[in-house]
Amino acid sequence: MSPPELRRGVVTIDGPAASGKSSTAEWVARELGFTHVDSGAFYRAVTAAVLRTGMPPGEWTPQLVLEAARIVSAALAGASMVPHLVGDPADAEIRNPQVTANVPRVARMPAVRAWVNAQVRQVATERPIVVDGRDMGTAVFPEADVKVYLVADPWERAKRRLMQHLRRLPTDAEIAAETDRLVHRDAADATQSVAARDAVLIDTTHLMQEEQVARIVALARAALGPA
Ligand code: CDP
């Protein structure tokens, strides 16, 4: 059976940890009037769900993880499709450090990848989307209208992520520790984090977010024609 037809309009934004994919994707979606889907949030939600079981991470099996994922559902919040846990939004829980440290372990499981991919593709059959993650332009939407791969210097990524969480200028020691965690997670995610051959690479190290959003919106308008 061939997969269901996608609604016209799929923009994928991939890249390494804390490269600004989600905030950029959300802004681009608003500009285009599309729905934003953060695939990483679904991997995080599955990880939070399995952490709730209390089972130690070393004992997680794909079967246990999928069983735990039954409490995860997708819900529309404003212009974004977000995961809920037992019907409630759980943004703080899915972004806590314990979840962040354990996501790659879960994301490595093919059965979990198939589950997240099915959630994301389902949204794209219903509405035009801007979706961000690691493999959206390769494994999930090889036929996307526009593919972008965001990169940035690890130190800059770490600084931005800390500023987002701490809401103040981080110290050099804090940035160094966060850089270490990001580089470690990038290595753990390396298998699924490859830019599509037809992706447009944007290095955001010296860019304002506004500029990267404008570039992606222009690419989408050129590919899709006027709204
Ligand atoms: O925002 P950040 O870049 O820190 O990460 P995220 O997009 O929230 O993704 C969290 C984790 O989910 C990543 O470290 C990967 O392990 C996994 N992930 C993935 O494997 N494939 C995706 N398409 C998206 C996320």
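A. Representation of the overall build of the protein chain in the model. If you tally the helices and strands in the protein chain, you get ten helices and eight strands. Over its C-alpha atoms the protein chain spans a radius of gyration of 17 Å, differing by no more than 12% from the 17 Å that the globule rule assigns to 227 residues. With 227 residues in all, the protein chain has 47% of them scored as buried. Of all intrachain contacts in the protein chain linking residues separated by at least 6 positions in sequence, the fraction that spans at least 24 positions is 75%. When the accessible area of the protein chain is evaluated, it comes to approximately 11,400 Å², of which 55% is carbon and sulfur surface. Side chains of the protein chain carry 26 positive and 27 negative charges; the gap between the two charge centres is 1 Å.

B. Seen up close, the side chain of Asn 117. Positionally, Asn 117 belongs in helix 6 (residues 110-126). Contact partners of Asn 117, with chain neighbours within four places excluded, come to Tyr 43, Met 136 and Val 140.

C. Representation of the domain arrangement of the protein chain in the model. By domain assignment, the protein chain separates into domain 1 (11-34 + 129-220) and domain 2 (37-127). Placing the centre of domain 1 and that of domain 2 at their C-alpha centroids yields a distance of 19 Å. Approximately 1,400 Å² of surface area, both sides summed, lies buried where domain 1 meets domain 2, with 49% of it carried by carbon and sulfur atoms. It is Ile 129, Val 140 and Arg 185 in domain 1 that bury the most area against domain 2; as a group they hold 32% of the surface buried on that side. Run the count over domain 1 and domain 2 and you get two salt bridges.

D. Fine view of the nonpolar core. Judged by nonpolar contacts, the single largest core of 36 residues is most densely connected at Val 37, Val 65, Val 112, Ile 129 and Phe 141. Going through the elements one at a time, helix 2 (39-52), helix 3 (62-68), strand 4 (80-85), helix 5 (97-107), helix 6, strand 6 (129-133) and helix 7 (136-140) are the ones with two or more residues in this core. The biggest single contributor to this core is helix 2, with nine residues. Looking at this core, you find at least three residues from each of domain 1 (11-34 + 129-220) and domain 2 (37-127). Within the second largest apolar cluster, 18 residues are counted, among which are Ala 29, Val 130, Val 146 and Val 217.

E. Spatial organisation of empty space enclosed by the protein. This model, assessed by the stated rule, comprises one cavity of 30 Å³ or more. The computed volume of the largest cavity comes to approximately 40 Å³. Taken together, Thr 12, Asp 14, Gly 137, Thr 138, Lys 147, Val 148, Tyr 149, Val 194, Ala 195, Ala 196 and Ala 199 form the lining of the largest cavity. Sorting the residues of the lining of the largest cavity by element identifies strand 1 (10-14), helix 7 and strand 7 (146-151) as the ones contributing at least two each. In terms of residue count, the dominant contributor to the lining of the largest cavity is strand 7 (three residues). Its residues assigned to classes, the lining of the largest cavity shows six nonpolar, three polar and two charged.

F. Seen up close, the packing of helix 2 against helix 5. At their nearest, the axes of helix 2 and helix 5 sit 8 Å apart, and the two run at 105° to each other. Classed by the angle they form, the pair helix 2 and helix 5 counts as roughly perpendicular. In this structure, helix 2 uses Tyr 43, Arg 44, Val 46, Thr 47, Ala 48, Val 50 and Leu 51 to contact helix 5, whose residues at the interface are Gln 98, Val 99, Thr 100, Asn 102, Val 103, Val 106 and Ala 107. Residue composition of the contact of helix 2 with helix 5, grouped by class: nine nonpolar, four polar and one charged.

G. Summary view of the pattern of salt bridges. Under the definition given, this model contains twelve salt bridges. Where Arg 70 meets Glu 67, a salt bridge forms, and the shortest distance between an N and an O atom there is 3.7 Å. Taking the relative accessible area as the measure of exposure, Arg 70 reaches 66% and is therefore exposed. Overlapping salt bridges bring together Asp 38, Asp 91 and Arg 95 as one network.

H. Inspection of the site of the ligand at higher detail. Residues in close proximity to the ligand total 20 residues, the closest being Lys 21, Arg 44, Arg 185, Asp 189 and Gln 192. Measuring from a nitrogen atom of the ligand, one finds a backbone N or O atom of Arg 134 at 3.0 Å. Taking 520 Å² as the accessible area of the ligand by itself, protein coverage stands at 98%. Elements with a contribution of two residues or more to the shell around the ligand: helix 2 and helix 5. For the shell around the ligand, the element with the highest residue contribution is helix 2, accounting for four residues. Per-domain counts for the shell around the ligand show at least three residues from each of domain 1 (11-34 + 129-220) and domain 2 (37-127).

I. Summary view of helix 6. Between its terminal C-alpha atoms helix 6 stretches 25 Å, which fits the 24 Å expected from 17 residues at 1.5 Å a residue. Among the residues of helix 6, Val 112, Arg 113, Val 116, Asn 117, Val 120, Val 123, Ala 124 and Thr 125 are the ones counted as buried.

Conventions used here
- By convention here, each chain's residues receive numbers from 1 onward along its written sequence.
- Reporting in this predicted model follows two pLDDT cut-offs: at least 70 for local features of residues, and 80 or more for side-chain atom pairs to be given and counted; totals over whole chains, interfaces and linings ignore these cut-offs and use all residues.
- The side-chain values count all of the structure's non-hydrogen atoms but skip hydrogen atoms and water molecules.
- Secondary structure follows DSSP: runs of H or I at least 4 residues long count as helices, runs of E at least 2 residues long count as strands, and numbering of each begins at the N terminus.
- Radius of gyration: C-alpha atoms only; globule rule: 2.2 Å multiplied by the number of residues to the exponent 0.38.
- When accessible area is computed with a 1.4 Å probe and restricted to protein chains, residues below 20% of their type maximum are described as buried, those above 50% as exposed, and intermediate ones as partly exposed.
- In this description, contact between two residues means that some pair of their heavy atoms is separated by no more than 4.5 Å.
- Using a 1.4 Å probe, accessible areas were evaluated by the Shrake-Rupley method; residue-level cover was limited to the displayed protein chains.
- For this count, His and the chain ends are skipped, Lys and Arg are scored as positive, and Asp and Glu as negative.
- Think of each charge as sitting on NZ of Lys, CZ of Arg, CG of Asp or CD of Glu.
- Per the annotation, domain bounds derive from an automatic or database assignment of domains.
- Summed over both partners, the accessible surface that disappears when two parts come together, traced with a 1.4 Å probe, is what is meant by buried area.
- Between Lys or Arg on one side and Asp or Glu on the other, a salt bridge is scored when a side-chain nitrogen of the former is within 4 Å of a carboxyl oxygen of the latter.
- Definition used in this section: a nonpolar core is a set of buried Ala, Val, Leu, Ile, Met, Phe, Trp, Tyr and Cys residues joined via side-chain atoms within 4.5 Å.
- Buried and open spaces are told apart on a 1 Å grid over the protein atoms alone, a cavity being a set of points where a 1.4 Å probe fits but cannot get out and a pocket being an open set with protein on both sides within 12 Å along at least five of seven lines. Residues with an atom within 4 Å of a point are the lining residues.
- Grid points are joined across faces, edges and corners, and a volume is the space filled by probe spheres set on the points.
- Basically, the charged four are Asp, Glu, Lys and Arg, the nonpolar ten are Ala, Val, Leu, Ile, Met, Phe, Trp, Tyr, Cys and Pro, and anything else, Gly included, counts as polar.
- Axis geometry follows a simple rule: fit a line to the C-alpha atoms, using only the stretch in contact for helices, then measure angles between N-to-C directions, giving values from 0 to 180 degrees.
- Angles are sorted into four bins: roughly parallel if under 35 degrees, roughly antiparallel if over 145, roughly perpendicular if 65 to 115, and oblique for all others.
- Near, as used in this document, describes a residue that has one of its heavy atoms within 4 Å of the molecule or strand being considered.
- Counting of polar contacts relies on pairs of N or O atoms within 3.5 Å, with two restrictions inside protein: one atom must be capable of donating a hydrogen and the other of accepting it, and residues adjacent in sequence are counted only when both atoms are side-chain atoms.
- The span you would expect from a helix comes to 1.5 Å times its residue count less one.

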